[in-house]
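Here is what each chain is made of, one letter per residue.
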Amino acid sequence: MLVEGEDGVIENGSVYNVEGFTSFFFEGSGRAFWRFTVPEDGEYMLRVQTNMGDQTERGQHIRIDGVGLRNTNTYGEFFFCSTNSTNSECKFKLQPDTWEWVEIHHSDLVAGSLMLTAGEHTLEIAPSWGWQSFSTVEVVQVSTGEVVATLTPANAEELIAARIECEDPDAFCPSGLQAASLDAGGSVTWTLEVPDNVRNGLARIFYQPRRPLLGRCWSMGSRLPSCRSRRPRGPRPPKPSRHASSSRRPPRRCGSAPARTRSP
């Protein structure tokens, strides 16, 4: 069972979001999902930051409100290609192994729409061919040129990918690029549904402290006899938490740890 710090009830603390450049890499499965709001009816454009690595052609799912955007009748997804491609369906070519912005206009589409009504909408990116990296998506109002929503890996409502990465080596990069940041005396509490056949378990808390610390843990309202946490030795970070409740001193927002998935 895995619970995320930012999904618990936080007292004397806040949700920490990784700052700076972040990205995610798809293999054969996963998805990134956001909600965003546009101010008025009209035409919008997506600016998608992507890196194709050494791939020549890729097709991935890009969905607005659950409807897939397609820029070719040949493929059932949105089609990306590099300068190495000789495919006639290649509308615009990206440099290999380079972060580039792809502008998706309503006029580019043979399926799906970027004519949006005022209010909330959803964006999903999911792999079809896979093996492609993505970072930020900007939603631009065409009539004004204004960016009305900036969607990043760190603010995704759901992000499941083979790799989730931070460019800053000193950034604290927890699972899903968010964490519970606690002030002195702060706490985070989760309510868990434990299967009937489970009688005991082991709690592992993934944290990044400013210094060695002594925390206090409770389960079902009772303080556990031992919940001492120390700075992990060596380059390996602690494993993700599986405990119901913890409290500690302020975290140090540094160090790095591999991130895999984030619960919605």
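Everything that follows concerns the structure shown earlier in this document.
Structural notes, computed from the coordinates. (Residues numbered from 1 in each chain as written. Predicted model: local features only at pLDDT ≥ 70, side-chain atom pairs only at ≥ 80, totals over all residues. Heavy atoms only, no water.)

1. Here we look at the pattern of salt bridges
Link 1 in the chain: According to the stated counting rule, one finds nine salt bridges in the structure shown.
Link 2 in the chain: Taking the shortest distance from any N to any O, the salt bridge between glutamate 124 and arginine 31 comes out at 3.5 Å. In this pair, glutamate 124 sits in strand β10 (residues 119–127) while arginine 31 sits in strand β3 (residues 31–38), placing the two residues 93 residues apart along the sequence.
Link 3 in the chain: Each of the salt bridges in this network shares a partner with another, and the network as a whole consists of Arg31, Arg63, Glu124 and Glu158. (Salt bridge = Lys/Arg side-chain N within 4 Å of Asp/Glu carboxyl O. Helix = DSSP H or I, 4+ residues; strand = E, 2+ residues; numbered from the N terminus.)

2. Quick notes on a nonpolar patch on the surface
Link 1 in the chain: Among the surface-exposed residues, Met1, Val194 and Val198 lie close enough to one another that they form a single nonpolar patch of about 260 Å² accessible area.
Link 2 in the chain: Locating valine 198 in the fold gives a position in the loop between β14 (178–189) and β15 (213–214).
Link 3 in the chain: Valine 198 gets classed as partly exposed once you look at its relative accessible area, which sits at 36%. (Patch = residues over 30% accessible without salt bridge, like charges linked within 9 Å, V, L, I, M, F, W, Y side chains within 5 Å. Areas by Shrake-Rupley, 256 points an atom, 1.4 Å probe, with all protein chains shown as cover. Buried < 20%, exposed > 50% of the residue type's maximum accessible area, 1.4 Å probe, protein only.)

3. Focus on the state of the cysteines
Link 1 in the chain: Taken as a whole and assessed by the stated rule, the structure comprises two disulfides.
Link 2 in the chain: Sulfur-sulfur distance for the disulfide between cysteine 81 and cysteine 90 comes to 1.7 Å. On the sign convention where negative is left-handed, the bridge of cysteine 81 and cysteine 90, at about 85° about the S-S bond, is right-handed.
Link 3 in the chain: Residue class for cysteine 81 comes out buried when judged on its relative accessible area of 1%.
Link 4 in the chain: One disulfide in the model links cysteine 166 with cysteine 173; its S-S distance is 1.8 Å. (Disulfide = S-S within 2.5 Å.)

4. Brief notes about the pairing of strand β12 (residues 146–151)
Link 1 in the chain: Both strand β11 (residues 132–141) and β12 contribute to a ladder of five bridges, which runs antiparallel. Within β12, the position partnered with glutamate 138 by the bridge is threonine 150.
Link 2 in the chain: Between β11 and the antiparallel strand that follows it, β12, lie four residues; glycine 145 among them carries a positive phi value of about 75°. (Pairing = 2+ DSSP bridges.)

These figures capture arrangement, not role.
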